[in-house]
Amino acid sequence: MTLFRQLMMTIIAIFSLMLAVVMGINFNTTKGYLVGQLESTTQDSATSLSMSVSDFMALEDYVSVKSSINAVFDSGYFSEVRIHIYDNDKNIIRSNQTKIDGVPGWFINLIDFKVPVAKAVISNGWSELGQVYITGSAGYGYHQLWLASRDLLISFFVIGSITLILGSIALRYLFRPLAELEKQAEAIQQRRFIKVIDVPKTRELKSVVLSMNRMVEKLKKEFASEVETTQWLQAKAFKDPVSGLGNRHFFENQMKSHFSERERGVDGLVLVGLTDLAKLNNERGYESADMFIQSVADILAKKILKISSYTILARLSGADFVLLIPNFDYAQLKQVVEDIMMELMELNSGSISYSASVANIGAVTIDGSAGPSSAMSQADAALREAKREGSNSSKVYDLNIGQSMAISRSSWKEILESAIQHQSFKLKKQKVVTIDESPITLHEEVFMGLEHAGKVYHAGHFVGLAEQFDLGSQIDQVIIGRVIEYIKSKKLEVSLTVNLSASSYSKPAFIEWLNKTLSHLEVGVKSKLMFEISEQGILLDEQQASVLAQMLKTQHVLFGIDNVGKQFSAFQYLQTLLPDYVKVDSSYTRMAAGKESESFFMHTLCKMFNSLNIEVIATGVESEKQLAALKRFDLDGVQGFIIGRAQDM
């Protein structure tokens, strides 16, 4: 119960107690007054009647006596007037049944009103002729008591209502600082560090508000320090200080993580070797050499933004750069290599390179059957061949032997459009469980694929092409619809998680469609539906990701972020999006089971996420060694082949 309601109930209780006390005092006072008034009236009437009928009694003129009785009875509030005659022991009586009009029956039954009886002796000289008995009427007393009680109750009700209305307005005004403090406390719990700007003038509230503001400032600095430490450690271990790109260690970890995925499509691997970097450094100094490296890094970084957010870019050594582009075919790779070479050659016009000979590029396409060592060897061979051909030359090998390459780009577009139209995507689900000894399933992630010409293709074969054909949002709509129907048809114990592509939620129309779809779902169905977005997608369009997150929170639908830590990010988006959980990139899972110095990164990430009350899930868990190593960290769940393979839905 809120403090406002408690205070209002206290006011009502005090007011009710006051009403009861005042009504009790007023009732007893009024009742005493009415009884006394009636006693006085009946006694005066009895005395007056005894004197007026004494002569008639002496003459035994009982007709006149009766007339006097009638006159007295009609002049006052009496229920009975009786004269007892001593001579014949008879009574002359005038009475009437007491009628109480306008008074509720329950009030009459509740009140015991004692009616007074007055007496007076009728005498003539020294002789006593009889006695007068006059009984007062209770009707008058009940009526007056009811009117007094009713008027007092109405007055208290009116005054009480006005008091409560004015009191509630006053309390709400006084409680505004408390409401702001409540919002501030909830924001702190979600690691949104906001300050209360309007400091109240009330001394006690002012002290609390100022204390909360100081605590917010301290927590804000502590979280900023955690983020800064994480960034520093990440940069120290994985970032090349000159180019700002990932270093060899970073690329090797990311490459191992990527090649460990069982369902990979066709990838492009590119090696860029700069020409005469050593001569530039020796003759013009390290600043010119650094500028050359930074210029090349800028060209490559801008290029991958146009290609795919999932591209891995790093500087392997002094003059060598590497790009790993997932879901990329030979024709696309050849075009990208040509574009990169054209931009690199422009560096000579600005005298950034040593000479007109700027670089050589070697590239290969590889499928899921190739390993990381084999792929790098083939790319290195392509680079050596390009160097033999002369300056600014490139060589692209098509080493892919997968059947997917037999399908042209135009054919893939037709296949995807047909799958969208007929909703023929194949769906699988994989468990995400707690890291306890007795694991509990947290949710199940949905994966998609499609079948063509008797062969099943997983998402890695076509998701990149779908993005290029601008079919990502249509595919997501189909998958969401299929999952919703599946939830409706099954009695699920855990939720299903659907991955959303960045190209989908970057469109306001898609978010509007999803919001409308969720609004029409029953609560039971909606509670079994979750969504995931990738960190790469967030970094490309954080504003639209925030719009999506706010919509899902409004709909009370949980969502998470996948591939966290894969990019060099400041993690500031966590405070904006506040996901329910994050899935740490599988490269950190591998490091957690490796050297102690490398496992520290997982510890740092878990600490930062837990400080934001965000659940942490490790992905890519493929061995008992990794699972045992991960139990040292503050993780909420794990996912991978050792936990369970994807099952058909």
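Below, the structure is looked at part by part. (Residues numbered from 1 in each chain as written. Predicted model: local features only at pLDDT ≥ 70, side-chain atom pairs only at ≥ 80, totals over all residues. Heavy atoms only, no water.)

## What to know about the overall build of the protein
Helix and strand counts for the protein stand at 23 helices and 19 strands. A compact globule built from 649 residues should have a C-alpha radius of gyration of about 26 Å, whereas the protein, at 47 Å, is more than 25% larger. Seen through its C-alpha atoms, the protein measures out along the principal axes to roughly 160 × 60 × 45 Å. Taking all 649 residues of the protein together, the buried fraction comes to 46%. Once local pairs closer than 6 in sequence are excluded, the contacts in the protein between residues at least 24 apart make up 70%. Of the accessible surface of the protein, which amounts to about 33000 Å², a share of 53% is contributed by carbon and sulfur atoms. Measuring between centres, the 65 positive side-chain charges of the protein sit 2 Å from its 72 negative side-chain charges. (Helix = DSSP H or I, 4+ residues; strand = E, 2+ residues; numbered from the N terminus. Rg over C-alpha atoms; globule rule 2.2 N^0.38 Å. Buried < 20%, exposed > 50% of the residue type's maximum accessible area, 1.4 Å probe, protein only. Contact = heavy atoms within 4.5 Å. Areas by Shrake-Rupley, 256 points an atom, 1.4 Å probe, with all protein chains shown as cover. Lys, Arg positive; Asp, Glu negative; His and termini not counted. Charge placed at Lys NZ, Arg CZ, Asp CG, Glu CD.)

## A few points about the sheet that holds strand β2 (residues 90-95)
Read from one edge of the open sheet, four strands run β2-β1-β4-β3, paired in antiparallel fashion. Two strands in the sheet have a free side with no partner beyond their single neighbour: β2 and β3 (117-124). Between one strand axis and the next, the sheet turns through 15° on average, direction left out of account. Pairing of strand β1 (residues 78-85) with strand β4 (residues 127-136) involves seven bridges; the strand directions are antiparallel. Bridge pairing in β4 places Ile85 opposite Gly130. (Pairing = 2+ DSSP bridges. Axes fitted to C-alpha atoms, helices over the stretch in contact; angles between N-to-C directions.)

## Topic: the environment of Val336
Summarising the element assignment, Val336 is placed in helix α10 (residues 330-345). Between the C-alpha atoms of Val336 and Leu471, which are 135 residues apart in sequence, the distance is 22 Å. Apart from the residues within four sequence positions on either side, Val336 is in contact with Lys303, Ile307 and Phe328.

## Quick notes on the pattern of salt bridges
When the charged atoms of two side chains lie near each other, side chains of opposite charge can form a pair. A full pass over the atoms with the stated rule returns 14 salt bridges. Between Lys426 and Glu451 there is a salt bridge, with the nearest N and O atoms lying 3.5 Å from each other. On the criterion of sequence distance, the pair formed by Lys426 in strand β10 (residues 426-433) and Glu451 in strand β11 (residues 441-452) is long-range, its members being 25 residues apart. Between Lys583 and Glu532 there is a salt bridge, with the nearest N and O atoms lying 2.5 Å from each other. Of this pair, Lys583 sits in strand β16 (residues 581-584) while Glu532 sits in strand β14 (residues 529-534); the two residues are 51 residues apart in sequence, bridging distant segments of the chain. With relative accessibility at 0%, the residue Glu532 sits in the buried group. (Salt bridge = Lys/Arg side-chain N within 4 Å of Asp/Glu carboxyl O.)

## Overview of the nonpolar core
Grouped together as the largest cluster of nonpolar side chains are 101 residues, with contacts concentrated most on Phe425, Leu514, Phe531, Leu574, Met602, Phe609 and Leu630. No other element matches helix α14 (residues 472-489), which puts eight residues into this core. Those residues in contact with Phe609, other than ones at most four positions away along the chain, are Val564, Phe571, Leu574, Val582, Val584, Ile614 and Val616. If you look at the next biggest cluster of nonpolar residues, it comprises 31 residues, including Leu313, Ile340, Ala359 and Ala363. (Core = buried A, V, L, I, M, F, W, Y, C linked by side-chain atoms within 4.5 Å.)

## Let's talk about the pairing of β10
Note on strand geometry: in a regular strand, side chains alternate between the two faces of the sheet. Both β10 and β11 contribute to a ladder of eight bridges, which runs antiparallel. Paired with Val433 across the strands is Thr441, a residue of β11. Relative to strand β19 (residues 647-648), β10 runs antiparallel, the two sharing two bridges. Within β19, the position partnered with Lys429 by the bridge is Gln647.

## Let's talk about the side chain of Ser534
Assignment of secondary structure puts Ser534 in strand β14. Given the relative accessible area of 8%, Ser534 is considered buried. Apart from the residues within four sequence positions on either side, Ser534 is in contact with Tyr310, Tyr505, Ile561, Asp562 and Asn563.

## Observations regarding a nonpolar patch on the surface
Side chains of Ile154, Phe157, Val158, Ile162, Ile165, Leu166 and Ile169 sit close together on the surface and give an oily, nonpolar patch of about 720 Å² of accessible area. Among the secondary structure elements, Phe157 is positioned in helix α5 (residues 138-189). Relative accessible area serves as the criterion here: at 60%, Phe157 is assigned to the exposed category. (Patch = residues over 30% accessible without salt bridge, like charges linked within 9 Å, V, L, I, M, F, W, Y side chains within 5 Å.)

## Regarding the packing of aromatic side chains
Overall, the coordinates contain four aromatic pairs when judged by the stated rule. With centroids separated by 5.3 Å and ring planes inclined at 80°, the aromatic side chains of Trp412 and Tyr457 adopt a geometry described as edge-to-face. Of this pair, Trp412 sits in helix α12 (residues 409-422) while Tyr457 sits in strand β12 (residues 455-458), and the two are 45 residues apart along the sequence. Across the pair, Tyr457 and Trp412 agree in class, each one buried. Pairing Phe510 with Trp513 gives two aromatic rings, centres 5.8 Å apart and planes at 35°, and the pair type is tilted. Residue Phe510 and its partner Trp513 are located together in helix α16 (residues 508-519), separated by three residues, close to a single helical turn. On the basis of relative accessible area, Phe510 is assigned to the buried category, the value being 2%. In this structure an aromatic cluster arises from ring pairing among Trp412, Phe425, Tyr457 and Phe462. If you follow Arg82 out to its NZ or CZ, it ends over the ring of Tyr133, 4.2 Å from the centre. The ring of Tyr457 has Lys455 lying over it, and the distance from NZ or CZ to the ring centre is 5.4 Å. (Phe/Tyr/Trp six-rings, centres within 6.5 Å; stacked < 30°, edge-to-face > 60°. Lys NZ or Arg CZ within 6 Å of the ring centre and 35° of its normal.)

## Structural notes on the sheet that holds strand β5 (residues 267-274)
Within the open sheet, the five strands sit side by side as β6-β7-β5-β8-β9. Their pairing is mixed. A single partner strand is all that each edge strand has here, and the edge strands are β6 (312-315) and β9 (394-398). With direction set aside, neighbouring strand axes in the sheet form an average angle of 10°. Here four bridges tie β6 to strand β7 (residues 320-325), and the two strands are oriented antiparallel to one another. Across the sheet, Ile312 pairs through a bridge with Leu324, a residue of β7. Set on the sheet, α10 makes contact with β5, β7, β8 (359-366) and β9; between it and β8 the angle comes to about 165°. Against the sheet, helix α11 (residues 372-389) contacts β5, β8 and β9, and its axis sits at roughly 145° relative to β8.

## What to know about unusual backbone geometry
We note that Gln423 has phi near 50°; this positive angle belongs to a residue other than glycine. When you line up the elements, Gln423 lands in the loop between α12 and β10. Exposure remark for Gln423: the relative accessible area of 45% places this residue in the partly exposed category. The backbone phi angle of His556 is positive, close to 60°, even though this residue is not glycine. For His556, a relative accessible area of 70% corresponds to the exposed category.

Keep in mind that these numbers describe shape and distance, not what the molecule does.
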